[in-house]
Amino acid sequence: MRFSDPAAVQAYKTQLAVRPEARRRLWVCGGTGCLAGGGREVYAALIAEAEKRGLMADQVSWRIDLSGCRGLCERGPLVEVMPEGYFYQKVRPGDAEEIVSVTLLDGRPVERLTSGSCHLEAHTLPFFQPQTRLIMARLGRTDPEDLDDYLKTDGYAALTLALDSLGSEEVCRRIEDSGLRGRGGGGFEAGRKWRSCREAPGPVKYVLANGDEGDPGAFMNRSLMEGDPQAII
């Protein structure tokens, strides 16, 4: 897909806003931890079960998608059901038939796959309760390979503003004034990096995104690149 200017992006977003949403959507975590634990096999089993029942042609009533990392890797593979919010943990391919029949078609939870009736939904779990997700807000809520999903969650709003109204000098000034810093140990000022790129000689400029996970156990860069790649652009 190619947009000629910011107005074309906004026009397409307007079209998306009136499209019918799937009545029920199953999100299978596609983060590295869940995939290592068999998440792709769970996803394939759910698709196969839905196809066996002739459900995959109806993308308005239900959809099954891979999402970015949810962070609760030790409880994976994870499946979340929206809009109900049922949060299934340690799901196996053999659970697909019950999930499709009980939840996808009937809207009821499979409680044996949750933390119990008092923790049916993700936001009620102690792991998620104290969290306010900002950079990773879309992880688990959008398909990282679906541009429409990104645009429906206000994607590219900042880029279209920068291209249409601000200009490169104003963009650099705003980033500098914001005090935004890198999240690594050095805490380098983002505005200085952006300005140095803008002022580099030559007609073509390159921005290199360093995705190295230098700190032991760190997953933030990889999780963002895998789960919300459009946001980096």
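Refer to the structure presented above.
Residues numbered from 1 in each chain as written. Predicted model: local features only at pLDDT ≥ 70, side-chain atom pairs only at ≥ 80, totals over all residues. Heavy atoms only, no water.

### Re the nonpolar core
Our working rule: Each nonpolar core is a collection of buried residues, namely Ala, Val, Leu, Ile, Met, Phe, Trp, Tyr and Cys, held together in the definition by side-chain atoms within 4.5 Å. For the exposure calls, accessible area comes from a 1.4 Å probe over protein chains only, and a residue counts as buried if that area is under 20% of its type's maximum, exposed if over 50%, partly exposed in between. Helix numbering and strand numbering both begin at the N terminus, where a helix is a DSSP run of H or I of at least 4 residues and a strand a DSSP run of E of at least 2.
Counting residues in each nonpolar core, the largest one holds 23 residues, and the members touching the most others are L26, L46, I64, V79 and Y88. When contributions to this core are tallied by element, the ones reaching two or more residues are β1 (24-29), α3 (39-52), β2 (62-67), β3 (79-82), β4 (86-88) and α4 (96-104). Residues C29, C34, F87 and A122 belong to the second largest nonpolar core, which totals eight residues.

### Quick word on empty space enclosed by the protein
Using the following cut-off: Lining residues are those with an atom within 4 Å of a point, where the points come from a 1 Å grid over the protein atoms alone and group into cavities, where a 1.4 Å probe fits but cannot get out, or pockets, open sets with protein on both sides within 12 Å along at least five of seven lines. Grid points are joined across faces, edges and corners, and a volume is the space filled by probe spheres set on the points. Classification used: nonpolar for Ala, Val, Leu, Ile, Met, Phe, Trp, Tyr, Cys and Pro, charged for Asp, Glu, Lys and Arg, polar for all others including Gly.
Within this structure, the stated rule accounts for two cavities of 30 Å³ or more. Here the largest cavity defines a volume of roughly 40 Å³. In terms of lining, the largest cavity is formed by R138, T142, D143, P144, D146, Y150, D228, P229 and Q230. The residue inventory of the lining of the largest cavity, partitioned by class, reads three nonpolar, two polar and four charged. W27, C29, S67, R70, L78, V79, E80, F87 and G140 are the residues that line the second largest cavity. For the lining of the second largest cavity, the secondary structure elements donating two or more residues are β1 and β3. Looking at the lining of the second largest cavity residue by residue, the class counts come to five nonpolar, two polar and two charged.

### Looking at the sheet that holds β3
Worth spelling out the cut-off: In this scheme, strands are said to pair when DSSP sees at least two bridges between them. Lines fitted to C-alpha atoms define the axes here, with helix axes fitted over just the stretch in contact, and angles between the N-to-C directions of these axes take values from 0 to 180 degrees.
Read from one edge to the other, the open sheet built from four strands follows the order β2-β1-β3-β4, with strand pairing classed as mixed. One side of each edge strand has no neighbouring strand; the edge strands of this open sheet are β2 and β4. Adjacent strand axes in the sheet meet at a mean angle of 20 degrees when their direction is disregarded. Relative to β2, β1 runs parallel, the two sharing six bridges. Across the sheet, C29 pairs through a bridge with S67, a residue of β2.

### Considering unusual backbone geometry
Keep in mind that most residues, glycine aside, have a negative phi and that most peptide bonds are trans. Following G76, the chain continues to P77 via a peptide bond in cis, the omega torsion being -5 degrees. Here P77 shows up in the loop between β2 and β3. Following M82, the chain continues into P83 via a peptide bond in cis, with omega recorded as 15 degrees. For P83, the location among the structural elements is in the loop between β3 and β4. At K90, a position not held by glycine, the phi torsion is positive, near 50 degrees.

### Here we look at a nonpolar patch on the surface
Spelled out, the test is: Only residues whose relative accessible area exceeds 30% and that form no salt bridge are eligible for patches; like-charged ones are grouped when within 9 Å, while nonpolar side chains (Val, Leu, Ile, Met, Phe, Trp, Tyr) are grouped when within 5 Å. Surface exposure here means Shrake-Rupley accessible area, sampled with a 1.4 Å probe, where a residue is shielded only by the protein chains that are shown. In the sections that follow, a salt bridge refers to a side-chain nitrogen of Lys or Arg positioned within 4 Å of a carboxyl oxygen of Asp or Glu.
A cluster of nonpolar residues, L159, L163 and I233, forms a patch on the protein surface that exposes about 320 Å² of accessible area. Mapped onto the fold, L163 is located in helix α6 (residues 157-166). Since its relative accessible area comes to 64%, L163 is described here as exposed.

### Let's talk about the packing of aromatic side chains
To keep it simple, the criterion reads: When two rings of Phe, Tyr or Trp (its six-membered ring) have centres within 6.5 Å they constitute a pair, described as stacked for plane angles under 30 degrees, edge-to-face for angles over 60, and tilted for the intermediate range.
Evaluated as defined, the whole model comprises four aromatic pairs. When the ring of F127 is compared with that of F128, the centres are 4.9 Å apart and the planes differ by 80 degrees; the resulting orientation is edge-to-face. Ring geometry for Y150 versus Y156: centroids 5.0 Å apart, planes at 80 degrees, classification edge-to-face. Of the two residues, Y150 and Y156, neither departs from the other in class, the shared state being buried. Through pairs of rings, three or more aromatic residues link up here, namely F87, F127 and F128.

### Digging into the packing of α3 against α4
The condition is simple: In these notes the angle categories are as follows: under 35 degrees is roughly parallel, over 145 is roughly antiparallel, 65 to 115 is roughly perpendicular, and the rest is oblique. Each crossing gets its handedness from the near helix: less than a right angle anticlockwise from the far helix is left-handed, clockwise is right-handed. Whether two residues touch is decided by their heavy atoms; if any such pair falls within 4.5 Å, the residues are in contact.
Where α3 contacts α4, the axes come no closer than 8 Å and their chain directions differ by 55 degrees. The angle between the axes of α3 and α4 places the two elements in the oblique class. Crossing angle aside, the handedness with which α3 passes α4 is right-handed. Residues A45, L46, E49 and A50 of α3 form the contact with α4, whose own contacting residues are A96, E97, I99 and V100.

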